[in-house]
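# Examination of the molecular architecture
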Number of protein chains: 2
Amino acid sequence: MKIDTLLSPQELPALAHRELSGTACVVFDILRATSTFVTALHHGAEAIIPVSEIAEAVALRQQQSDVLLAGERDGVRIRAAQSGGVDFDFGNSPREFTPDKVRGKTIVSTTTNGTRALRACGDAKMILAGSFLNLSATAKFLTKLQPEEVLLVCAGTGEGVALEDVLAAGALAELLADEQSDSTQVARQSFLRSKLDLAAAIASSTNGRRLFGIPELRADVAFCSQRDVFNLIALMDAGGSLRRM
Amino acid sequence: MKIDTLLSPQELPALAHRELSGTACVVFDILRATSTFVTALHHGAEAIIPVSEIAEAVALRQQQSDVLLAGERDGVRIRAAQSGGVDFDFGNSPREFTPDKVRGKTIVSTTTNGTRALRACGDAKMILAGSFLNLSATAKFLTKLQPEEVLLVCAGTGEGVALEDVLAAGALAELLADEQSDSTQVARQSFLRSKLDLAAAIASSTNGRRLFGIPELRADVAFCSQRDVFNLIALMDAGGSLRRM
């Protein structure tokens, strides 16, 4: 199988014109959306619905009163004043999504870049949320599945490349020693250069430094840098919800 | 100074909305446009005018009969049948641009991605053509100049990332140990992982393998992988010509 990589979120719009019917896409938004999704699914959440805007999350709660809402702005859980009167149940820290809170629940989560990247893969054969937390499980699944192509999608931050997403794409590429595109080689080499102290490399990223500056979120960086602590695949269903597989 | 990097040509259109008045841009199209420009300038060419299309090159020759034309399609020098009756003087192999042929001449060179990247930097404080051949000279110049920002622009191939351009950007970033963006860190790590056998890494790229498959162009890959053989800066003037500095 061929392994290609989108390093920058500015490469997402062109996906609309790309044939993806034989492609398994893996989206990485390491700090912190996809790491959080994988954690919540591991701890028993029924489904995660990623949305871009606070208003979309609130609208889904109005349709279905038992969904939980997750999201933050500037590191702080969304409060009633920001969402037209609805207090969110979670921020976006993966450490909040404990088994007692998420088991059996559907969680609507606001994340701009993560949602944009997952939606951009629209017509793909398969869309997965990837993270360091379930990296080997994802690699094993793809190795068994053998799609024509694997597309590693780095969600990035705003319009920019996020180092930690590229490192995760490179780490997965290293486990899938197949025919690799130039961008995949870039990601893989970047990972191989960093792997002896991956946590430090992730902490040196723009997002890593930003989270480090918020005392209650500091531990998220180390949490999201853990490798292979969860043995599951996070797969998007036809309705746009991520579910455990 | 801040060092940022555009890894993919799909990031070029957004440059139109970016403030570049304090930015020195360095464009890399290692196999082979910018390597060729630097070589021709080193060997005494007066100026290089990069253009995208064969027709633009032919029009410039009609205006100014003493310019020389350079360009290839599928590895072969452009022939009269492809250009409305004008035989081109050179292909795009840097080894063709010898002192006896280029001294004092203005050369119009067709290159799709190289031209697109140079033009996308339109309003920058300064635009340079970079290559491994003049890497340290370029780094020294930027270190003296100390612009607010250096933007390393990987021209790529078609719509895709070209490994060799990212390696060159990373090699320059390694010489400019300043405040580096996430994408710059990616390029730098990729270079550092490859530097012990840089020529092999460049040869493993999509363009490297393509050129290796054309017997008369095979030697171009090793030529363009040479580091610091020319001590010059290739600077774009206000009229869109590259000149030696």
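Residues numbered from 1 in each chain as written. Chains lettered and ligands numbered in written order. Predicted model: local features only at pLDDT ≥ 70, side-chain atom pairs only at ≥ 80, totals over all residues.

## Thoughts on the relation of the copies chain B and chain A
In screw terms, the move from chain B to chain A is a rotation of 180° and a rise of 0.0 Å along the axis, fitting with an RMSD of 0.0 Å. The symmetry that links the two subunits is that of a two-fold axis. The position closest to the rotation axis in chain B is occupied by the C-alpha of S190 of chain B, lying 2.3 Å away. Looking at chain B, 100% of its interface residues are interface residues in chain A too, so the copies touch through the same face. (Least-squares fit on C-alpha atoms with pLDDT ≥ 70 in both. Contact = placed C-beta atoms within 7 Å.)

## Quick word on the confidence of the model for chain A
Any region with low pLDDT has predicted coordinates that should not be read closely. Looking at chain A as a whole, the pLDDT averages 95, with 100% of positions reaching at least 70. Interface confidence in the predicted complex, given as ipTM, is 0.94; pTM for the same model is 0.95. (pLDDT = per-residue confidence, 0-100.)

## A few points about the pairing of strand β7 (residues 106-110) of chain A
Residues and elements named next belong to chain A. Burial of β7 is extensive: 4 of the 5 residues sit out of reach of the surface. Inspection of the sheet shows strand β3 (residues 47-51) paired to β7 by 5 bridges, in the parallel sense. Paired with I48 across the bridge in β7 is I107. Across 3 bridges, the pairing between strand β4 (residues 68-70) and β7 is parallel. When the bridges of β7 are listed, L69 appears paired with V108. (Buried ≥ 20, exposed ≤ 12 C-beta atoms within 10 Å, placed from the backbone. Helix = DSSP H or I, 4+ residues; strand = E, 2+ residues; numbered from the N terminus. Pairing = 2+ DSSP bridges.)

## What to know about the nonpolar core
In terms of nonpolar packing, the biggest core is built from 154 residues, with V153 of chain A together with V153 of chain B touching the most fellow members. If we ignore the near neighbours within four places in the chain, the residues touching V153 of chain A are L6, C25, V26, V27, F28, A117 and C121 of chain A. (Core = buried A, V, L, I, M, F, W, Y, C linked by C-beta atoms within 7 Å.)

## Considerations on the packing of helix α5 (residues 135-145) of chain A against helix α6 (residues 163-175) of chain A
All names here are of chain A. It is at 9 Å that the axes of α5 and α6 come closest, and there the two elements cross at 45°. In terms of their interaxial angle, α5 and α6 are classed as oblique. In this structure, α5 crosses over α6, and the sense of that crossing is right-handed. The residues of α6 that touch α5, namely those facing L135, S136, T138 and A139, are A171, L172 and L175. Taken together, the residues of the contact of α5 with α6 sort by class into 5 nonpolar, 2 polar and no charged. (Axes fitted to C-alpha atoms, helices over the stretch in contact; angles between N-to-C directions. Parallel < 35°, antiparallel > 145°, perpendicular 65-115°, else oblique. Left-handed = near helix turned anticlockwise from the far one by under 90°. Nonpolar A, V, L, I, M, F, W, Y, C, P; charged D, E, K, R; others polar.)

## Topic: helix α10 (residues 218-225) of chain A
Taken together, the buried positions of α10 of chain A are occupied by D220, V221, F223, C224 and S225 of chain A. Of the surrounding elements, those touching the buried residues of α10 of chain A are α1 (33-42), α8 (198-203) and α9 (206-212) of chain A.

## A closer look at the interface of chain B and chain A
Every contact between the two is made by 22 residues of chain B and, on the other side, 22 residues of chain A. Secondary-structure elements contributing two or more residues to the side of chain B that touches chain A are α6 (163-175) and α7 (182-194) of chain B. With 9 residues, α7 of chain B is the single largest residue contributor to the side of chain B that touches chain A. Residue classes in the side of chain B that touches chain A are distributed as 8 nonpolar, 10 polar and 4 charged.

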